[in-house]
Structures are given as structure tokens and as C-alpha cells.
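Coordinates in review
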Amino acid sequence: VTDLQVRERPQKGEIIRQRQSTQANIGTATTMQQEVTGAEINWKSYRTRIVSTANKVNLKFEEARPELEKGLITSISGLLGEEE
């Protein structure tokens, strides 16, 4: 499981209002609401979670690692490439 947060500088003149709450005892219950309107703040934030799996009898992590990394890179690239 990979938690990913991407931060982007807002365009000139954008106002970013952000609310965030986390239930730290669970760790998976982070919610974020974001509203983009019209002055300047430091960053816009986007979060997602990527779950990777590998299945094989007697599979060792080191054997699965290259494919898991390749899949993670593909997932992240797809997320970042959606806006272009």
C-alpha cells in the first residue's frame, strides 16, 4: 500500500481554501476537502492510495519488488499525466 500526496503551486490569483481531518488511530480515514476560487496560497494538495499485489507460490519480496515498483511507477505516471 502506497499513500501518495502531490502538491501543486496554484495559478496566480487563485485562492485555495483547504480543510483536512485525520483519525490518526485508524490511519486510513484521512479526508480532505479543497475549494479553488480566486488569491495566493502555497500549494494545492491531492491525495490517493495505490494498492499493489503480487501472487505466486513461495514468492519472496525481493523477487516481486521489480514488478511492484514498475506497477507503482506506471500508476503514479498515469495519475500525474491526467491533467496534461
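Residues numbered from 1 in each chain as written. Predicted model: local features only at pLDDT ≥ 70, side-chain atom pairs only at ≥ 80, totals over all residues. Heavy atoms only, no water.

**Observations regarding the overall build of the protein**
Within the protein, the secondary structure is distributed over one helix and four strands. By residue count, 10% of the 84 residues in the protein fall in the buried class. For the protein, the accessible surface area stands at approximately 7000 Å², while carbon and sulfur atoms represent 49% of it. (Helix = DSSP H or I, 4+ residues; strand = E, 2+ residues; numbered from the N terminus. Buried < 20%, exposed > 50% of the residue type's maximum accessible area, 1.4 Å probe, protein only. Areas by Shrake-Rupley, 256 points an atom, 1.4 Å probe, with all protein chains shown as cover.)

**Overview of the pattern of salt bridges**
Once the charged atoms of two side chains with opposite charge are near each other, the side chains can pair. A complete count under the given rule lists five salt bridges for this structure. For Lys-56, the salt bridge goes to Glu-63, with nearest N and O atoms at 2.5 Å. By relative accessible area, Lys-56 is classed as exposed at 52%. The partly exposed category is assigned to Glu-63, whose relative accessible area is 44%. In this structure, a network of salt bridges that share partners links the residues Glu-62, Arg-65 and Glu-69. (Salt bridge = Lys/Arg side-chain N within 4 Å of Asp/Glu carboxyl O.)

**As for unusual backbone geometry**
Even without being glycine, Asn-58 reaches a positive phi, approximately 55 degrees. Accessibility expressed as a relative area gives 67% for Asn-58, which makes it exposed.

**As for the confidence of the model for the protein**
With 64% of its residues at a pLDDT of 70 or more, the protein has an overall mean of 76. Of all the helices and strands in the protein, strand S3 (residues 31–36) carries the lowest mean pLDDT, 63, while helix H1 (residues 61–81) carries the highest, 86. (pLDDT = per-residue confidence, 0-100.)

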